[in-house]
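# Descriptive structure summary
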Amino acid sequence: IANILYGLQAFDDCVELRRALSTVRRGIAADLEFRAHELAMSIMGLARCKEDWSEAIAVLEALLPHISRCTEPFEDNHLHMIFTGLRDLGGCSIIGSVIIALEPHFVKALPSSTPRKILFFRDMLRSIGTAEAKELLKALRPYERKLMVNPRAPGVSTGPDFDLPEGWSAHRHGDRLYYYHAEHGSRWSKPGVVLPEGWVAHADDRGRTFYHHPEHGSTWEMPT
């Protein structure tokens, strides 16, 4: 279900997309167990849906109890995906309940979130604009104050989001990093790096860039 919903973000509004949402909704049984990254993928798949899409609202309603009872920690990348999916649904009534269900996960993830993610959360919550989103913004205040004192706080220059082109963000799938853009979709290779033919840029768990070629192997030095 998570993989199907995640793939739907590539489609614009059409009859087939709405039918797919309705079909997937019927498959979200109450006794299913969703992991944190699966919930994130599912909600991010709604990124192109609008607040008046009853099919998207029905999917959120079905996912809501699973958000509430998920015991696995949400990483900031999971929350990044969720807020991206919710951004254009901010006017529908179910969003307030989703924000309330996310609050304990959100608060737990903030201490380990990078400054860039903190700023992203702030912008997304302001964009969603519901009373619940405005209330959740209060949890960001201590972290925003730190950024105002030290805009180059630890995490800006070493995290996987560092030095990405505008609109791109880094996410994790298992042990691998991948990169996402709302218009260009997802990719494994790091965007914004011009390399000789055959070479691809990647980032390790600490956000350090390395380069790989199927014949020449991997290197920390940028190939020329």
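The coordinates are above.
A brief look at the structure comes next. Here, residues in each chain are numbered from 1, in the same order as that chain's written sequence. Predicted model: local features are reported for residues with pLDDT of at least 70 only, side-chain atom pairs are reported and counted for 80 or more only, and whole-chain, interface and lining totals are derived from all residues. As a convention, hydrogens and water are excluded, and side-chain values are obtained from all of the structure's heavy atoms.

## Quick word on helix H6 (residues 94-109)
Each helix is a run of DSSP H or I of at least 4 residues and each strand a run of E of at least 2, with the numbering of both proceeding from the N terminus. The span expected for a helix works out to 1.5 Å for each residue beyond the first. Given a rise of 1.5 Å per residue, 16 residues ought to cover 22 Å, and the 23 Å separating the end C-alpha atoms of H6 matches this to within 8%. Bend at a residue means the angle formed by two fitted axes: the first through the 7 residues ending at that position, the second through the 7 residues beginning there. A maximum bend of about 45° is found in H6 at Glu103, where proline Pro104 lies one to four positions downstream. To sort residues, take the accessible area from a 1.4 Å probe on protein chains only and compare it with the maximum for the residue type: under 20% means buried, over 50% means exposed, and anything in between is partly exposed. Residues of H6 that are buried: Ile94, Ile95, Gly96, Val98, Ile99, Ala101, Leu102, His105, Phe106 and Ala109. Between two residues, a contact is recorded if the distance between any of their heavy atoms is within 4.5 Å. Taken together, the buried residues of H6 touch helix H4 (54-69), helix H5 (76-86), helix H7 (115-128) and helix H8 (131-137).

## Describing the packing of H5 against H6
Helix packing for two helices is described by the angle between their axes and how far apart those axes are. Convention adopted: a line fitted to C-alpha atoms gives each axis, helices being fitted over their contacting stretch, and angles between N-to-C directions are expressed from 0 to 180 degrees. Orientation of H5 relative to H6, taken along the N-to-C sense of each, is 160°, at an axis distance of 11 Å. Considered as vectors, H5 and H6 are oriented roughly antiparallel to each other. The way H5 lies across H6 gives a crossing that is left-handed. On the side of H5, the interface is formed by Asp76, Leu79, Ile82, Phe83 and Leu86, while H6 contributes Ile95, Val98, Ile99, Leu102, His105, Phe106 and Ala109. An angle below 35 degrees is read as roughly parallel, one above 145 as roughly antiparallel, one from 65 to 115 as roughly perpendicular, and any other as oblique. Left-handed is the label given to a crossing in which the near helix is rotated counterclockwise from the far helix by less than a right angle, and right-handed is the label when the rotation is clockwise.

## Description of the packing of aromatic side chains
When two rings of Phe, Tyr or Trp (its six-membered ring) have centres within 6.5 Å they constitute a pair, described as stacked for plane angles under 30 degrees, edge-to-face for angles over 60, and tilted for the intermediate range. As enumerated under the stated definition, the model contains four aromatic pairs in all. Each ring, one from Phe83 and one from Phe106, has its centre 5.8 Å from the other, and the planes form 90°; the classification is edge-to-face. With Phe83 in helix H5 and Phe106 in helix H6, this pair connects stretches of sequence that are 23 residues apart. A residue is classified by how much of its surface remains accessible, and Phe83, at 0% relative accessible area, is buried. Residues Phe106 and Phe121 carry aromatic rings whose centres are separated by 5.4 Å and whose planes lie at 65° to one another, so their mutual orientation is edge-to-face.

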